[in-house]
Amino acid sequence: MNNEILIHKKMISLEELDIYDAKKIEQSKFILRDIIENVVVNDFSFLTTLYDISLKERKSIDEVYENYHAEVSVRDCIGLSKILKERLEDRGISTYFVTCKASGFSTKYGDDFIREAHTFLLYPCLRDGRVAFVLYDPGFRVMEPMFFYAGESSFSYPYLNGFIQVRFGNHQYYLYSNVRMKRDFSIVPESVSFFFQPFMETLDMDAFAKNIFRVKFSYKIMNYHKEMDYRYCLGLNVVTKQLDFYTRYYHEQYLLQEFLGMPLESQLQHLQFLRKDGLFNYQDMIELLEIFKIYSQKNIPILERKIVKDWK
């Protein structure tokens, strides 16, 4: 594998910017919230695609990954931003992708290797004759479009039980929050700060999304329904081989070998909650179990081997 990840970007044009329209931005809030609350996050979707191709072409997952150049279907911050971008276009809001410096996304080596990870959208506009931006971040589940002027910090927006804002200082922009949500849906105090360049658009998001998987050691399927009773999370750490199931009422944890040693009926019963959203049928769950089997092996497909060494 090539050990240099190139992220392709271009400077945005500040000519012929839209005039800020408060009504249009207010309406866009409902699209943003709908996606956050109703689109299930699913890191496994790209792995399922690779698995299907590997079966069809009788190639290893590694081989398929190396030669994969089609659209990457995944429901993470990139996938959610793709969906949102298309829906905002229908409302006359033309956004572009912005990617942030990776920090805590992977191991230290992984963060340095991928360089950037988190993705959101920016909508450039003019307000009071000044260049401004509206930031849409479905990946961080920020329910409000965040407004800020070029060269200034934004207001603090409510976020979980804390706040989030764009901070500007020393000629740099940061997306900052003082809390984060864990996979068991608990909210913990933590300073999260991601550096980004608002005037630079990240291009070729499919290649960017594919490269993320080279340092991703943890996958999840997670529903952020507005009602806590309907939330769930399935998490898999492919380095520790640990599988976690979370709902509001329970947490179950298994080593992959332990889980795969159960009768098929028991495995499927543990996955039944995935069918509630209508996204998973019987065959989908069988494919997910096959992916579990692949990642239960000693040699982990796709993941950079140095990530495993770093972890240990």
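The preceding data block contains the structure.
To start, this report covers the structure provided alongside it.

### Examining the packing of aromatic side chains
Then, in step 1: The tally for this structure, following the rule as stated, stands at 28 aromatic pairs.
Then, in step 2: Between Phe147 and Tyr149, the aromatic rings sit 5.0 Å apart at their centres with planes inclined by 85 degrees, giving edge-to-face as the arrangement.
Then, in step 3: Using a relative accessible area of 10% as the deciding quantity, one classes Phe147 as buried.
Then, in step 4: On the basis of relative accessible area, Tyr149 is assigned to the buried category, the value being 13%.
Then, in step 5: Look at Phe245 and Phe259: their rings are 5.8 Å apart centre to centre, the planes differ by 40 degrees, and that puts the pair in the tilted class. Remark: Phe259 occurs in helix H7 (residues 256-260) and Phe245 occurs in strand S15 (residues 242-247); sequence separation between them is 14 residues. Each member of the pair Phe245 and Phe259 is classed as buried.
Then, in step 6: One cation-aromatic arrangement involves Lys210 over Tyr65; the distance from NZ or CZ to the ring centre is 4.9 Å.

### Some thoughts on the environment of Cys100
Then, in step 1: Within the fold, Cys100 resides in strand S4 (residues 96-101).
Then, in step 2: On the accessibility criterion, Cys100 (0% relative accessible area) is buried.
Then, in step 3: On a C-alpha basis, the gap between Cys100 and Tyr254 in space is 33 Å, while along the polypeptide they are 154 residues apart.

### Things to note about unusual backbone geometry
Then, in step 1: Positioned with a positive phi, Asn170 is a non-glycine residue whose angle comes to about 55 degrees.
Then, in step 2: Looking at where Asn170 falls in the secondary structure, it is placed in the loop between strand S9 (162-169) and strand S10 (172-181).
Then, in step 3: Positive phi outside glycine occurs at Asp204, with the angle close to 50 degrees.
Then, in step 4: Inspection of the secondary structure puts Asp204 in the loop between strand S12 (200-202) and helix H6 (205-212).

So, how was this worked out
Residues numbered from 1 in each chain as written. Predicted model: local features only at pLDDT ≥ 70, side-chain atom pairs only at ≥ 80, totals over all residues. Heavy atoms only, no water. Phe/Tyr/Trp six-rings, centres within 6.5 Å; stacked < 30°, edge-to-face > 60°. Buried < 20%, exposed > 50% of the residue type's maximum accessible area, 1.4 Å probe, protein only. Helix = DSSP H or I, 4+ residues; strand = E, 2+ residues; numbered from the N terminus. Lys NZ or Arg CZ within 6 Å of the ring centre and 35° of its normal.

The values are spatial; any link to function lies outside them.
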